[in-house]
Every structure is written in C-alpha cells, then in structure tokens.
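# Working through the structure, step by step
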Amino acid sequence: MTTAPHHDVLIIGGGNAGISLAARLRRDGCRDVAVVEPEQTHHYRPLLSYVAGGMATLDDLRRPEASVIPPGCAWYADHVTAVEPERFMVRLAGGGEITYGDLVVCPGSQVDWDAVPGSREAVATPDASTSYLPHLAEKTWAMLSSLREGTVVLAVSDRHVPCAPVALKPLLMAADHWRQEGTLDRIAIELLVEGDRLVDHDRGDRELRAAAAGYGIRVRTGTAVESVDPLARELRVRTPADPDLVRYDALLLAPPHRAPGWVSASGLSGPQADGFVAVDPHTLAHLTHPRVWGLGDAAAVDALPSGGALRKQVPVVAHNIAARRTGGPMRRYDGYSIAPVTTSRRDLLLAELDRDGRPEPTVPFPDLARPRRNTFLFDRFLEPHVYWRWLLTGHVS
Ligand SMILES: Cc1cc2nc3c(=O)[nH]c(=O)nc-3n(C[C@H](O)[C@H](O)[C@H](O)COP(=O)(O)OP(=O)(O)OC[C@H]3O[C@@H](n4cnc5c(N)ncnc54)[C@H](O)[C@@H]3O)c2cc1C
C-alpha cells in the first residue's frame, strides 16, 4: 500500500489566485507548497475582453502553465474531485489522494449555462457569443465587427460573474468601431443589466451611463434573461415591470457563474454561500474547518470577484496561514475590488471600490474613475506585464 503524498500547503487551482499565493508563500520561506491544476495553459483573463473587442489576440494572454509554477513548488496536473476536510485530504480525478497541513481552495468559477435555458445552444450559433470563455472571445469580435445593421443586445447577469462590469468592454469598443465605420446609426443597442447599476460605484456608474448614452445605447437595469430562443433570436426577460421579449441580431452574454459542484458536495459551502467556499469574508478562513482557506472567484467574500481583489486577498491568506500556526493576529480583507471598463477604443475608467460600493482609490489624484487615455494604455498594454512579472511571482503586499 502506498501512502498519499503530503504537502505543508496544498492549493487547488493554478489560476491567478493559486499561482500568486504559491509564489508569495515560497517568497515568505514556506518550503513545501503544491498546486493542483489540470490545464496546461495559463490565461491572463482580463485580456479576453480586448480579444472580444478586436484589440488583442489569444496569443497575447496565454502562457504554458509550467512557466508560471513558482520554482520549488510541486504541480499535480489533475482535477480535484473531492475534499475530505476531516481527514485533511483531497481526491484527484486520476485516482490519487494528497494530504495537507493547510488547504487553499481557489478553483475559480464556471459559466452556468443551465441557469438560462437556451443560452448554451445560442452561443453555438453565429449570432450569439460571450467574452467570458477563451474559445468564444475571438468569435465575439468576428460577430460584432461584421454587423452593419440590426439589434445588438448585451445581457449582464449579477450571479457571480467575474468582474461583471468589464462585460461592457467589448460592447463599448464595438460601438466606437461602428461609429468610426459610419454604421452606428443603423445599429440599435440594448444593454440589459440584472443588477441596479452598471458598476457599484457612484462616479463609475455615472460615467458608464454617459458613455452608453453617447452611443445611443438603451440601458435597462433590474432586467434578467430567463431564457433564450436561438431559432427565433429572442430573449425572454424579467424586468421590474412586466416580462418582456427582446429580439436580437447579435447577442452578447455575461452569463451566470457558479462554483464547481464538488465544493458543496465536500461540505465546504454553507447556507449563505450559494455553493461557493464558505469563508469569513475578512480573514478568508473557512467557517468550520480552520485549516481550509478560500481565495479568489470561488470564495464567498461578499465582494466583486476580480483579479484586482486578489492583490489584497493573497497577502491576507499568506499571512493568516502563518498566524493560525503561531497564534499571531490575523490580517483582514476589506472587500477591495476593481472594475476597469473601456468607454471607447481609447479611454478607460477604473472604479476601485470596497464591498459596500464605497470608493477606495489607490491614488488620491487623478480621479481614475473618469475615462482616460493613460488608464486605457495601462490596462491594455502595461498591466499584462505587471501580471506575469509581479503578481504571479508573489510581489503583492
Ligand atoms: C472575460 C474576463 C475579463 C476579466 N477582466 C478583468 C479585469 O479587467 N480586471 C480584473 O481585475 N479582473 C478581471 N477578471 C476577473 C479575473 O480574471 C478573475 O477574478 C481571476 O482570474 C480569479 O482568479 P482565480 O484564480 O480565483 O480563478 P481562475 O483564474 O478562474 O483560476 C482557477 C483555476 O482553477 C483551476 N481549476 C478549476 N477546477 C479545478 C479542479 N477541480 N481542480 C484543480 N484545479 C481546478 C482552473 O483550471 C483555473 O486555472 C476578468 C475575468 C474574465 C473571465
């Protein structure tokens, strides 16, 4: 009988959260860190919006996973299928088991096509797409850029969509493109947003509404897609008033997301967590298993999930793992998150907010929540380098 391999800290998921944390722990001197990540390719997801807006390629955002695994960190190229927290053990799809001292659960979230009947079938047609999946991001721009007339609909769910306001990026970049092509007047644009605001930040919301109005976009908040009929090219929507039918020639979806099913099945979720990892939203420690931690899009932290949020979450988890062992004081995550949204093919606003929607600007001046050329250039061209060279190598504090 072989014994299961053991690691001091085991991390489920080698995405933005898992790799940043693994690198940070290694930098802090933790000698035995392992990551379970099934994919061979790592994606810098924020660039997907630019692929969908025709301003980046998939090559710009992909690197081999092996190249981002921190030196000295073990990598299991497998899927976790279950966690047994009472036994300090995870199970792998390949049949293996691994035991741990501390476990960090950060497998991200997944598109929940089942939540909107007809949506999976719709994105298989040429008339509907999403910027939220790499294999559909290029198709999104092909669909939007070839449109000369008709009705375009963007529907943004408020159910766990990663960095939801960035769903507007491809639409506003396309609207700017249509203006430059002289076709904007022939294209009716509808923006259906399930939440009350385009971004939970006063200034950012005002600026985005002004940008939308400038392109003649009809904005309807409190409006959720209930189902899609891909043959009729029609959406059934729930609105604050009566249910409605909305026709489209091109449909862009920011669909509901959910946590992987094994999180709940392993007893790691809870009544308020909707299938996500039930953590204390401040310390990121699991509510009932003190040596389990949640991080990133998979954790129920009551804040907008984003890569920007990880800049604050990763140091908190790294610190608190050590603090739990030594009995030292815990650090707290205040719910900081970001929403960088292009308002054209040149300008971008950066809303920085806490979990209550209060502005939390990194720099007091200038006001980055106003659309600016420099902020656009940073987000599109500089931030990817910061990601590969600094964030994924644990340089977050
Ligand atoms: C289109 C798009 C645009 C975005 N734009 C921005 C932006 O401009 N700014 C911003 O701050 N944020 C943005 N985000 C959000 C940001 O990308 C996420 O918040 C961030 O990637 C979350 O990191 P994560 O590690 O929690 O999840 P992910 O990056 O999704 O990584 C999860 C990893 O876990 C792995 N995994 C899944 N299941 C298992 C399993 N069973 N076993 C082991 N591993 C598993 C996956 O393969 C994946 O590699 C965007 C996201 C998308 C999709």
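Here is a short report on the structure shown in this document. Throughout, residues of each chain are indexed from 1 in the direction in which the sequence is written. Only residues with pLDDT of 70 or above have their local features reported here, since the model is predicted, and side-chain atom pairs are shown and tallied only from 80 upward, although totals for entire chains, interfaces and linings are computed over all residues. The basis for every side-chain value is the complete set of heavy atoms in the structure, and neither hydrogens nor water enter the calculation.

Another point: the packing of helix α1 (residues 16-27) against helix α9 (residues 307-326). It is at 10 Å that the axes of α1 and α9 come closest, and there the two elements cross at 40 degrees. Here α1 lies oblique to α9, going by the angle between them. In the packing of α1 onto α9, the handedness of the crossing is right-handed. Of α9, the residues touching α1 (which contributes Asn16, Ala17, Ser20, Leu21, Arg24 and Leu25) are Gly307, Leu310, Val314, Pro315, Val317 and Ala318. Ten residue types, Ala, Val, Leu, Ile, Met, Phe, Trp, Tyr, Cys and Pro, are classed as nonpolar, four, Asp, Glu, Lys and Arg, as charged, and the remainder, Gly among them, as polar. Class assignment for the residues of the contact of α1 with α9 results in eight nonpolar, three polar and one charged. Lines fitted to C-alpha atoms define the axes, with helix axes restricted to the stretch in contact, and inter-axis angles between N-to-C directions lie between 0 and 180 degrees. Helix and strand assignments follow DSSP, with helices taken as H or I runs no shorter than four residues and strands as E runs no shorter than two, numbered in order from the N terminus. An angle below 35 degrees is treated as roughly parallel, one above 145 as roughly antiparallel, one from 65 to 115 as roughly perpendicular, and anything else as oblique. Two helices that cross are described as forming a left-handed crossing if the nearer one is turned anticlockwise from the farther one by less than a right angle, and a right-handed crossing if clockwise. Note on contacts: a residue pair qualifies if any of its non-hydrogen atoms lie within 4.5 Å across the two residues.

Each Phe, Tyr or Trp ring, with Trp reduced to its six-membered ring, pairs with another whose centre is within 6.5 Å; inter-plane angles below 30 degrees give stacked pairs, above 60 give edge-to-face pairs, and intermediate values give tilted ones. Under the criterion given, the structure shown has five aromatic pairs. A centroid spacing of 6.0 Å and a plane angle of 75 degrees characterise the contact between Tyr50 and Phe376, whose relative ring orientation is edge-to-face. Of the two residues, Tyr50 is situated in helix α2 (residues 48-52) and Phe376 in helix α10 (residues 373-391); the sequence distance between them amounts to 326 residues. Here's how the labels work: a residue is buried when its accessible area is under 20% of the maximum for its type, exposed when over 50%, partly exposed in between, all with a 1.4 Å probe on protein chains only. What makes Tyr50 buried here is its relative accessible area of 1%. Given a relative accessible area of 2%, Phe376 falls into the buried group. When the centroid spacing of 5.6 Å and the interplanar angle of 45 degrees are considered together, the rings of Phe88 and Tyr100 count as tilted. Here Phe88 is found in the loop between β6 (80-84) and β7 (89-92), whereas its partner Tyr100 is found in strand β8 (residues 97-105), with 12 residues between them in sequence. On the accessibility criterion, Phe88 (34% relative accessible area) is partly exposed. Sitting over the ring of Tyr50, Arg380 keeps its end group 6.0 Å from the ring centre. Comment: the charge-over-ring label is applied if NZ (Lys) or CZ (Arg) is within 6 Å of the ring centre and within 35 degrees of the ring normal.

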